Amino acid sequence: MSNSSNRIKFSDSALKRLSYQKTGVKDYRDLRETGLILRVGKKSKTFYAHLRTGDGKRGMKSLGPFSLDGEGLNYEDARQKFLHMKSAQSVEHAGFGKITLVTYLDEQYKIDRAGRGDPVSDKSIADIKHYYSHALNKKCKDLSDADVEKFLENFSHLADPTKRKGYYYFHALIRTLEFYNRIPAVKIRKRSFNNNPNTVINTFAIDRQKVYEFIFEPELGKDHKFSKGFNFETRVIMGLGVDTGARPGEIIKNWKDNFILDDVEPRMRIPASIAKNNKPREVPINSDFLVEKLKIYIEKAWTPNSGGLMFYNRSTGKSYSSQCYRAIWERVKEEFGFKGRYYELRHSFGTDAYEATGDIKLVADLLGDTVETASKSYVKQTKNARERLRGKM
């Protein structure tokens, strides 16, 4: 039986330090999230949710084992899973199961997407209504992969890039509903679409050290009307994008405990909950200069917050928006003659990593993508890389 002495503030480091039990089990309760429990046994540490069941009584439900190696849940993964489960109870009591797709799109979808830090436009919602008009009066809980098939059948005349857009609109909708536990998990079959032959993928020849020095130049942005776009947080975010090739959301929405800044292998852990492919991974932080800036940021500029977010916006009480880097990125493009999107940093990282190693599987793992996607979308196979690969073969 747990008592008040077993209430602690959960964090990855705190949970890792807990000793296994010689006999029996011991429950630790999170001071931050009432009902989130870590049960420690002889050889295991397992997260549980202690919530009310359908009959009004409280019950324990396993969330999964605690782990920091990607085989289980870290604290933030477990916390998010717990909050989703808790939210699902509220949704169930509120009768969300009766809500139709059109009602959800009109009244709740924008709110839900904004709550995830991934806002959706009115035009995108209008496109969803157009492409999935056949499903507008269906209950959200009844949406399925068959609705994608119906969309592709009804709009077979569209070019593949437009079909891809319609597919991903629905995919994002379903994942948002699942995120808030508004519906049971829905399996959406992965589909391939031909790339637009006119799409140009840019890569930059980057002198990363010069980019870092420019980003952290104290005078940068002082003449800009949006000075907050050049604060320490956005400079660090920009630097991590250049250094790691990670997606913006995998940096901006990450948690402080996932930045391991030791002298042996500095790295950023990307948990499944914010990874695009829902698979956890770790990426090295390659620049010693950037590691030092991260240490300074954590020591002097990081804002403590209950969620443990690395980049916490005090104005909104959430992580920074996915576009917070826009102002500083425009200055970087202007200074170094880069043309294209922030996402081209990811393409450039993939190209440089492949040029350095010739290992496409390694590049795919670092980017959090399949080998096929890394080959087609991110890696510009240069002459030297092709010759190196030919030599290996």
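Reading the values: rules and limits
- Residues numbered from 1 in each chain as written.
- Predicted model: local features only at pLDDT ≥ 70, side-chain atom pairs only at ≥ 80, totals over all residues.
- Heavy atoms only, no water.
- Helix = DSSP H or I, 4+ residues; strand = E, 2+ residues; numbered from the N terminus.
- Buried < 20%, exposed > 50% of the residue type's maximum accessible area, 1.4 Å probe, protein only.
- Contact = heavy atoms within 4.5 Å.
- Areas by Shrake-Rupley, 256 points an atom, 1.4 Å probe, with all protein chains shown as cover.
- Phe/Tyr/Trp six-rings, centres within 6.5 Å; stacked < 30°, edge-to-face > 60°.
- Lys NZ or Arg CZ within 6 Å of the ring centre and 35° of its normal.
- Salt bridge = Lys/Arg side-chain N within 4 Å of Asp/Glu carboxyl O.
- Pairing = 2+ DSSP bridges.
- Expected span 1.5 Å × (residues − 1).
- Polar contact = N/O pair within 3.5 Å; in protein donor to acceptor, adjacent residues only side chain to side chain.
- Core = buried A, V, L, I, M, F, W, Y, C linked by side-chain atoms within 4.5 Å.
- pLDDT = per-residue confidence, 0-100.
- Arc of directions from axis to C-beta.

1. Some details on the overall build of the protein chain
Line of reasoning, step 1. Of the regular secondary structure elements, the protein chain holds 16 helices and ten strands.
Line of reasoning, step 2. Relative to its 393 residues, the protein chain shows a buried fraction of 46%.
Line of reasoning, step 3. Expressed as a percentage of contacts within the protein chain between residues at least 6 apart in sequence, the contacts between residues at least 24 apart total 58%.
Line of reasoning, step 4. Total accessible area computed for the protein chain in this model is approximately 20800 Å², and 50% of it derives from carbon and sulfur atoms.

2. What to know about the packing of aromatic side chains
Line of reasoning, step 1. Taken as a whole, this structure holds 20 aromatic pairs when the rule is applied.
Line of reasoning, step 2. Aromatic side chains Y212 and F289 sit 6.4 Å apart centroid to centroid with 10° between the ring planes, which places their arrangement in the stacked category. Highlighted residues: Y212 in helix 8 (residues 208–215) and F289 in helix 11 (residues 288–301), separated in sequence by 77 residues.
Line of reasoning, step 3. Overall, the relative accessible area of 2% leaves Y212 in the buried class.
Line of reasoning, step 4. What makes F289 partly exposed here is its relative accessible area of 26%.
Line of reasoning, step 5. Consider the rings of F214 and F336, whose centres lie 5.6 Å apart with planes at 90°: the pair is edge-to-face. With F214 in helix 8 and F336 in helix 12 (residues 326–336), this residue pair connects regions lying 122 residues apart in the sequence.
Line of reasoning, step 6. Assessed through its relative accessible area of 17%, F214 is described here as buried.
Line of reasoning, step 7. In this arrangement the basic side chain of R39 is found over the ring face of Y48, its NZ or CZ atom lying 5.0 Å from the centre.

3. Regarding the pattern of salt bridges
Line of reasoning, step 1. The full count for this structure, using the stated rule, is 30 salt bridges.
Line of reasoning, step 2. Here R191 and E149 are joined by a salt bridge, their closest N and O atoms 2.6 Å apart. One end of the pair, R191, is in the loop between helix 7 (160–179) and helix 8; the other, E149, is in helix 6 (residues 145–154), and 42 residues separate them in sequence.
Line of reasoning, step 3. A residue is classified by how much of its surface remains accessible, and R191, at 9% relative accessible area, is buried.
Line of reasoning, step 4. Notably, a salt bridge pairs E153 with K150, separated by 4.0 Å at the nearest N-O pair.

4. Considerations on the sheet that holds strand 8 (residues 281–284)
Line of reasoning, step 1. Taken together, three strands build an open sheet; the order of strands is 6-7-8 and the sheet is antiparallel. Only two strands of the sheet have a single partner each, and these edge strands are strand 6 (259–260) and strand 8.
Line of reasoning, step 2. Where strand 7 (residues 267–270) and strand 8 come together, four bridges link them in antiparallel fashion. Residue pairing across strands places I270 opposite R281, the latter belonging to strand 8.

5. Considerations on helix 13 (residues 344–357)
Line of reasoning, step 1. The terminal C-alpha atoms of helix 13 lie 20 Å apart, and with 14 residues this matches the ideal 20 Å at 1.5 Å per residue to within 8%.
Line of reasoning, step 2. Judged by how many residues are buried, helix 13 sits mostly within the fold: ten of 14 residues are covered.
Line of reasoning, step 3. For helix 13, the complete set of buried residues consists of E344, L345, R346, H347, S348, F349, G350, T351, A353 and Y354.
Line of reasoning, step 4. Residue G358 follows helix 13 closely and has a positive phi angle near 70°.

6. Describing the environment of N305
Line of reasoning, step 1. Within the secondary structure, N305 is located in the loop between helix 11 and strand 9 (312–313).
Line of reasoning, step 2. A distance of 2.9 Å separates a polar atom in the side chain of N305 from the backbone nitrogen of G308.
Line of reasoning, step 3. There is a polar contact of 2.8 Å between the side chain of N305 and the backbone nitrogen of L309.

7. A few points about the nonpolar core
Line of reasoning, step 1. In this structure, L240, I285, L294, F311 and W329 are the most contacted members of the largest nonpolar core, which totals 44 residues.
Line of reasoning, step 2. Those elements that place two or more of their residues in this core are helix 8, helix 9 (232–244), helix 10 (248–252), strand 7, helix 11 and helix 12.
Line of reasoning, step 3. In terms of residues, this core owes the most to one element, helix 9, which gives five residues.
Line of reasoning, step 4. Not counting residues within four places of it along the chain, the set of residues in contact with W329 comprises F204, M238, F338, G340, R341, Y342 and L345.
Line of reasoning, step 5. Formed by 29 residues, the second largest nonpolar core is a distinct cluster that contains Y132, L173, L177 and F193.

8. As for the confidence of the model for the protein chain
Line of reasoning, step 1. Confidence in the prediction of the protein chain, expressed as mean pLDDT, is 84, and 87% of residues score 70 or more.
Line of reasoning, step 2. Of all helices and strands in the protein chain, the one with the weakest mean pLDDT is helix 16 (residues 383–392) (48), whereas strand 6 scores best (96).
Line of reasoning, step 3. Below pLDDT 50 for its whole length, residues 388–393 participates in eight contacts with residues either more than four positions away or in separate chains.

9. Remarks on the environment of L31
Line of reasoning, step 1. Considering the arrangement of structural elements, one finds L31 in the loop between strand 2 (26–30) and strand 3 (36–40).
Line of reasoning, step 2. On the basis of relative accessible area, L31 is assigned to the exposed category, the value being 56%.
Line of reasoning, step 3. Residues L31 and F10, 21 residues apart in the sequence, show an inter-C-alpha distance of 7.2 Å.
Line of reasoning, step 4. Look past the residues within four positions of L31 in its chain and what remains in contact with it is R7, I8 and K9.

10. Quick word on the pairing of strand 3
Line of reasoning, step 1. Strand 3 sits mainly inside the fold: four of its five residues count as buried.
Line of reasoning, step 2. In this sheet, strand 3 lies alongside strand 2 in antiparallel orientation, the contact comprising four bridges. Looking at the pairing, K26 lines up with V40 of strand 3.
Line of reasoning, step 3. Count of turn residues in the strand 2/strand 3 antiparallel hairpin: five residues, of which G35 carries a positive phi of about 105°.

11. With respect to helix 5 (residues 122–131)
Line of reasoning, step 1. Those residues of helix 5 that sit buried are S124, I125, D127, I128 and Y131. Considered in projection along helix 5, the buried side chains sweep an arc of 155° and stay on one side of the axis. Across helix 5 from its buried face, at more than 90 degrees, point the exposed residues D122 and K123.
Line of reasoning, step 2. In this fold, the buried residues of helix 5 make contact with helix 3 (101–107), helix 4 (109–115), helix 6 and helix 7.

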